[in-house]
Amino acid sequence: MTALPVWWQKAIVYQIYPWSFQDSNGDGIGDIPGIISRLDYLNDGTEQSLGVDAIWLSPIYPSPMVDFGYDVADYCNVDSRFGTLADFDRLVTEARQRGIRIIMDLVLNHTSDQHPWFQKARASRSAPERDWYYWADGKDCWRRPSNWNARFGGSSWSWDSFSRQYYLHSFLPSQPDLNWGNPALRATMFDVVRFWLDRGVQGFRLDAINWLGKDVRWPDNPIRLGWRGYTRQTHLYDRDQPLAHEVMRELRSVISAYRDVVLVGEASADTVGGPAAFYGNGSDELHTVFDFRLLKSPWQADRFRTVISAAEQAVPSGGWPSIVLSNHDQSRHIDRYGHGGDAGRRARAAAVLLFGLRGTSFLYYGEELGMRNGTLRYRDLRDPYTKRFWPFRVGRDPARTPMQWDASAQAGFTNGRPWLPVSDNASMVNVEWESKDPLSLLTLYRHLIRMRKSTPALLMGSYIAMESGNPHCLVFMRTGKELTPPDSDMLVAVNFAARTVTCFLAGPERTGRQLLSTHQRNTDRRPWTSGRFDLQPDEAIIVSLT
Ligand code: BGC
């Protein structure tokens, strides 16, 4: 008998970047009352809304916002830019009434340097909080304790002139790393977890988990000749230590006292054993872990095929995959995949993969509209990382521009001056306009989400790669026959070429009905056969097999 899926396995999770979703008070920054006013868009129970089951909220904690919330100054409150704890409670209640759960972002590796813990730690070497962070003396001749370099550039060590030692920060100097070897820190952080669970939160997206734990003898990392920046050294000692897994196991046991809580992990692609190592034995660490290989892949069938198979194999029994194409740290996928081709058509095909592959689907706000990277001038930029590498890297600000609700002056996002400029294309790419257009990307997303939720094979079926006879064509099946009760097998085929291709499936002929094509209106149910079928340029189809 097939185990019934738990809520988060079937869920469509929508990532909200709070700065950019909806402003309610005209200060140009999104806020929680703004999010509440837009909940019906996400799920009002009708076919008109998106059908989202959960919101992943990027950090809303009080913060100096040097890293836009990933530098937390108080884990048990809400930043006044976004509202109050009472607003947050109302969000949980109003979301729940619409069948939407809240997943909080949790930054475990570091705090802000403005956090009272760090303030106390730096004020006195004998404060209990001193050991909640990493401190070290320099080597002779004013050399830093080790050669470690930080993810966002520069050394990982900064000198604290007050307490006259170096402190460690794996990201920005204003983000000191926490020492998870300290039991009091651990206990306090697990109380933070309970604080939010008691308020009705049903999951956590765990930030940068493979950075937890360091080799505190501070050995130098080996240098990689010919490489630059962060990759100039092999990060043997400043991350990827067994302690990170120990903490995940403890966290799993903390949340197991609550019902139906999900832990979603973000770990770097090159962590030891790959991000999937954070599934542990399949049931003792995280429920699901992002695999960014799909997100990083160029728009090529063979690359997608390889990456999907590798990602499928990486998930141990008991674990569950997540499918994610965009987030707040990356250039939007319509621009990435669209490079050198028809971006609009490719975004439609990518949507079929997002909802056709096995795993929980994560959407990044605005991707359902086809929001593009904003074209920003240097003076518009806010993110230190984006500024540091501008104009050589796209950076992160272009993917964080305000949500495009309508064709009004600031796209319906704010009555004030938005914190980042609204994209130029907002007059055409917006919720109001696309809601009326049966061929819009938004209409396709709504349709695919409904189809996925009502099709057991798409939700729970196994993934089987198929040979299509054409290198540009990616074909796979999601099996329904093995489920209890059995469902039809579903076939997904995507043409990555900019021309029409002909495909066929080896083996006994199978027939079915094509339920969806990204090139046609959504009502298509034409007969289909595996012997020979054509796919238009960048077309994706879903077929129910008989
Ligand atoms: C988050 C980033 C953040 C970094 C440091 C990442 O994994 O997604 O937005 O800047 O961690 O917290």
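The sections below set out a description of the structure shown in this document. (Residues numbered from 1 in each chain as written. Predicted model: local features only at pLDDT ≥ 70, side-chain atom pairs only at ≥ 80, totals over all residues. Heavy atoms only, no water.)

**Some points on the overall build of the protein chain**
Stage number 1. Along the backbone of the protein chain there are 15 helices and 19 strands.
Stage number 2. The C-alpha atoms of the protein chain give 24 Å as radius of gyration, which agrees with the globular expectation for 546 residues (24 Å, within 12%).
Stage number 3. The principal-axis extent of the C-alpha atoms belonging to the protein chain is close to 75 × 50 × 50 Å.
Stage number 4. Considering the protein chain as a whole, with its 546 residues, one finds that 61% of them fall into the buried category.
Stage number 5. Pairs at least 24 apart in sequence give 68% of the contacts found in the protein chain among residues at least 6 apart.
Stage number 6. In the structure as shown, the protein chain presents an accessible area of about 21400 Å², 52% of it carried by carbon and sulfur atoms.
Stage number 7. Of note, the protein chain has its 63 positive side-chain charges centred 3 Å away from the centre of its 61 negative side-chain charges. (Helix = DSSP H or I, 4+ residues; strand = E, 2+ residues; numbered from the N terminus. Rg over C-alpha atoms; globule rule 2.2 N^0.38 Å. Buried < 20%, exposed > 50% of the residue type's maximum accessible area, 1.4 Å probe, protein only. Contact = heavy atoms within 4.5 Å. Areas by Shrake-Rupley, 256 points an atom, 1.4 Å probe, with all protein chains shown as cover. Lys, Arg positive; Asp, Glu negative; His and termini not counted. Charge placed at Lys NZ, Arg CZ, Asp CG, Glu CD.)

**Let's talk about the sheet that holds strand β4 (residues 135–136)**
Stage number 1. Across the sheet, three strands lie side by side as β4-β6-β5; this open sheet has antiparallel pairing. Sheet topology places β4 and β5 (157–160) at the edges, where each strand pairs with a single neighbour.
Stage number 2. By the bridge criterion, four bridges tie β5 to strand β6 (residues 165–168) in an arrangement that is antiparallel. Looking at β6, one finds that Trp157 is bridged to Leu168. (Pairing = 2+ DSSP bridges.)

**Description of the sheet that holds strand β9 (residues 288–289)**
Stage number 1. The parallel open sheet is built from eight strands, whose spatial order is β9-β8-β7-β3-β2-β1-β11-β10. The sheet is open, and its two borders are formed by β9 and β10 (322–324), each paired with just one other strand.
Stage number 2. As defined by bridge partners, strand β2 (residues 54–57) adjoins strand β3 (residues 101–107) across four bridges and the pair is classed as parallel. Following the sheet pairing, Trp56 is matched in β3 by Ile103.
Stage number 3. Running at roughly 140 degrees to strand β11 (residues 360–364), helix α11 (residues 343–356) makes contact with β1 (12–16), β10 and β11 of the sheet. (Axes fitted to C-alpha atoms, helices over the stretch in contact; angles between N-to-C directions.)

**Section: the nonpolar core**
Stage number 1. Tyr14, Leu42 and Phe88 are the most contacted members of the largest nonpolar core, which has 147 residues in total.
Stage number 2. Counting residues per element, this core draws most heavily on α11, at nine residues.
Stage number 3. Non-local contacts of Leu42, meaning those with residues more than four positions away in its chain, are made with Tyr14, Ile16, Phe21, Ser49, Leu50, Gly51, Val52, Ile55 and Ile100.
Stage number 4. Core analysis: the next-biggest nonpolar cluster, separate from the first, contains 15 residues, Ala493, Trp528, Val543 and Leu545 among them. (Core = buried A, V, L, I, M, F, W, Y, C linked by side-chain atoms within 4.5 Å.)

**Structural notes on the packing of helix α6 (residues 183–198) against helix α7 (residues 242–255)**
Stage number 1. One way to put it is that α6 packs onto α7 with a least axis distance of 11 Å and a crossing angle of 40 degrees. As far as their axial angle goes, α7 and α6 are oblique. Seen along the crossing, α6 lies across α7 with a hand that is right-handed. Seen from α6, the contacting residues are Arg186, Phe190, Val193, Arg194 and Leu197; seen from α7, they are Leu243, Glu246, Val247, Glu250, Leu251, Val254 and Ile255.
Stage number 2. Of the residues belonging to the contact of α6 with α7, the class tally is eight nonpolar, no polar and four charged. (Parallel < 35°, antiparallel > 145°, perpendicular 65-115°, else oblique. Left-handed = near helix turned anticlockwise from the far one by under 90°. Nonpolar A, V, L, I, M, F, W, Y, C, P; charged D, E, K, R; others polar.)

**Some details on helix α9 (residues 301–314)**
Stage number 1. Helix length check: α9, at 14 residues, gives a terminal C-alpha distance of 20 Å against a target of 20 Å (1.5 Å per residue), a fit within 8%.
Stage number 2. Taken residue by residue, α9 has Ala301, Phe304, Val307, Ile308, Ala311 and Glu312 as its buried positions. In an axial view of α9, the angular spread of the buried residues amounts to 135 degrees, which keeps them on one side of the axis. Summarising the geometry of α9, the exposed residues directed more than 90 degrees from the buried face are Thr306 and Gln313.
Stage number 3. Check the buried side of α9 and you find it contacts α8 (293–296), α10 (333–338), α11, β12 (463–466) and β13 (473–478). (Expected span 1.5 Å × (residues − 1). Arc of directions from axis to C-beta.)

**Focus on unusual backbone geometry**
Stage number 1. The step from Trp390 to Pro391 runs through a cis peptide bond, and the omega angle for that step is 0 degrees.
Stage number 2. Secondary-structure assignment places Pro391 in the loop between α12 (384–389) and α13 (431–435).
Stage number 3. Here the amide bond leading from Thr484 into Pro485 is cis, since omega sits at -5 degrees, within 30 degrees of zero.
Stage number 4. Here Arg164, not a glycine, exhibits a phi torsion of approximately 55 degrees, which is positive.
Stage number 5. Within the secondary structure layout, Arg164 lies in the loop between β5 and β6.
Stage number 6. By relative accessible area, Arg164 is classed as partly exposed at 49%.
Stage number 7. Even without being glycine, Asp240 reaches a positive phi, approximately 60 degrees.
Stage number 8. Tracing the sequence through the fold places Asp240 in the loop between β7 (203–207) and α7.

**Here's the deal with the packing of aromatic side chains**
Stage number 1. Tallied over the entire structure, the rule returns 44 aromatic pairs.
Stage number 2. Their ring planes at 75 degrees and their centres at 5.7 Å tell us that Trp148 and Trp218 sit as a pair that is edge-to-face. Of the two residues, Trp148 is situated in the loop between β4 and β5 and Trp218 in the loop between β7 and α7; the sequence distance between them amounts to 70 residues.
Stage number 3. When its relative accessible area of 16% is taken as the criterion, Trp218 is described as buried.
Stage number 4. By the ring-pair criterion, three or more aromatic residues cluster together here, those being Tyr61, Tyr75, Phe88, Trp117, Trp132, Phe195 and Trp196. (Phe/Tyr/Trp six-rings, centres within 6.5 Å; stacked < 30°, edge-to-face > 60°.)

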